[in-house]
Amino acid sequence: MVSKAVHVGGCLCGAIRFQAKGPALKPHTCSCKMCQRHSGSLTAVWVEFPKESVSWNGAGGMPTTYRSSEYSSRAFCPVCGSTLGAIDDEPTIALLVGTFDKTNNKELIPLAHSYKGRRPKWWHVDVQRS
């Protein structure tokens with residue numbers, strides 16, 4: 001059964017708001033250096049949606065982007081600076097789970113941890129297995 005969920009969220013100041021329809025794909029944590037610098041955290045928690053499933057509906061419109069690699073741009077609010085996710089050249093938008101209004105949704109539980117070896121050895125992240 002395909003999820004008909006509607007996930008909503010936005011930045012700290014509320015200028016940038018989004019709505020993501022359908023299943024949250026590839027929920028995972030990542031401890032690569034780029035995610036650490038982008039989020040300011042040792043581990044980022046991501047979910048992906050097809051680009052056509054995400055709409056930007058706040059007063060600020062679409063987030064500002066910074067080209068971070070050959071295939072992706074990082075998205076953030078130009079007003080408050082909150083990081084929102086990444087907009088890939090592929091038709092994919094990856095959103096940080098902390099930006100969702102309701103973070104307890106089971107679809108958002110990470111199933112994998114990317115770049116686990118890049119985290120400090122004292123930092124531990126539990127990943128749910130289905």
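Residues numbered from 1 in each chain as written. Predicted model: local features only at pLDDT ≥ 70, side-chain atom pairs only at ≥ 80, totals over all residues. Heavy atoms only, no water.

A.B. asks: Sorry, what's going on with the environment of Gly9 here?
C.D. replies: With respect to the helices, strands and loops of the structure, Gly9 is situated in strand β1 (residues 6-10). Of the residues examined, Gly9 reaches a relative accessible area of 0% and is grouped as buried. The sequence separation of Gly9 and Pro91 amounts to 82 residues, and the corresponding C-alpha distance is 20 Å. Ignoring sequence-local partners within four residues, the contact set of Gly9 consists of Ile16, Arg17, Phe18, Thr99, Phe100 and Asp101. (Helix = DSSP H or I, 4+ residues; strand = E, 2+ residues; numbered from the N terminus. Buried < 20%, exposed > 50% of the residue type's maximum accessible area, 1.4 Å probe, protein only. Contact = heavy atoms within 4.5 Å.)

A.B. asks: Would you take a moment to explain the environment of Ala24 for this structure?
C.D. replies: On the secondary structure map, Ala24 appears in the loop between β2 (17-21) and β3 (25-30). Sequence separation between Ala24 and Ala5 is 19 residues, and the spatial gap between their C-alpha atoms is 8.6 Å. Every residue in contact with Ala24, bar those within four places of it in the chain, is listed here: His7, Val47, Glu48, Phe49, Glu107 and Leu108.

A.B. asks: Just to check I follow, could you spell out the pairing of strand β8 (residues 83-88) for this structure?
C.D. replies: In regular strands, side chains alternate between the two faces of the sheet. Summarising burial for β8: six of the six residues are buried, a large majority. Across five bridges, the pairing between strand β7 (residues 72-76) and β8 is antiparallel. Bridged to Ser73 within β8 is Ile87. The hairpin formed by β7 and β8 contains six residues between the paired strands, and Gly81 there has a positive phi angle of roughly 85 degrees. Sheet topology places β8 next to strand β9 (residues 92-96); three bridges connect them, and they run antiparallel. (Pairing = 2+ DSSP bridges.)

A.B. asks: Is there a simple way to think about the sheet that holds strand β5 (residues 54-56) in this case?
C.D. replies: The pairing of strands in a sheet happens through backbone hydrogen bonds and is either parallel or antiparallel. The strand order across the open sheet formed by three strands is β1-β2-β5, and the pairing between neighbours is antiparallel. Unpaired on one side and paired on the other, β1 and β5 mark the two borders of the sheet. With direction set aside, neighbouring strand axes in the sheet form an average angle of 20 degrees. (Axes fitted to C-alpha atoms, helices over the stretch in contact; angles between N-to-C directions.)

A.B. asks: Any chance you could explain the side chain of His28 here in plain terms?
C.D. replies: Its place among the elements puts His28 in strand β3. Owing to a relative accessible area of 16%, His28 belongs among the buried residues under this scheme. Residues within four places of His28 in sequence aside, it is in contact with Ala44, Val45, Trp46, Glu48, Pro110, Leu111, Ala112 and Ser114.

A.B. asks: Looking at this structure, I do not really get the sheet that holds β7. What am I missing?
C.D. replies: Taken in spatial order, the seven strands of this open sheet run β6-β7-β8-β9-β4-β3-β10, and their pairing is mixed. The sheet is open, and its two edges are formed by β6 (64-67) and β10 (112-114), each paired on a single side. Neighbour-to-neighbour, the strand axes of this sheet turn through a mean angle of 30 degrees, independent of strand direction.

A.B. asks: Where do I start with the packing of aromatic side chains in this structure?
C.D. replies: A ring pair, where both rings are aromatic, is described by two values, the distance of the centres and the angle of the planes. Tallied over the entire structure, the rule returns three aromatic pairs. Ring centres 6.0 Å apart and planes at 75 degrees place the aromatic pair Phe18 and Trp56 in the edge-to-face group. Of this pair, Phe18 sits in strand β2 while Trp56 sits in strand β5, and the two are 38 residues apart along the sequence. Assessed through its relative accessible area of 1%, Phe18 is described here as buried. We classify Trp56 as buried; its relative accessible area is 16%. Note on Phe18 and Phe100: the rings are 5.3 Å apart at their centroids and 85 degrees apart in plane angle, and the pair reads as edge-to-face. Of the two residues, Phe18 is situated in strand β2 and Phe100 in the loop between β9 and β10; the sequence distance between them amounts to 82 residues. Its relative accessible area of 5% is what places Phe100 among the buried residues. Through a chain of ring-to-ring contacts, three or more aromatic side chains come together here, namely Phe18, Phe49, Trp56 and Phe100. (Phe/Tyr/Trp six-rings, centres within 6.5 Å; stacked < 30°, edge-to-face > 60°.)

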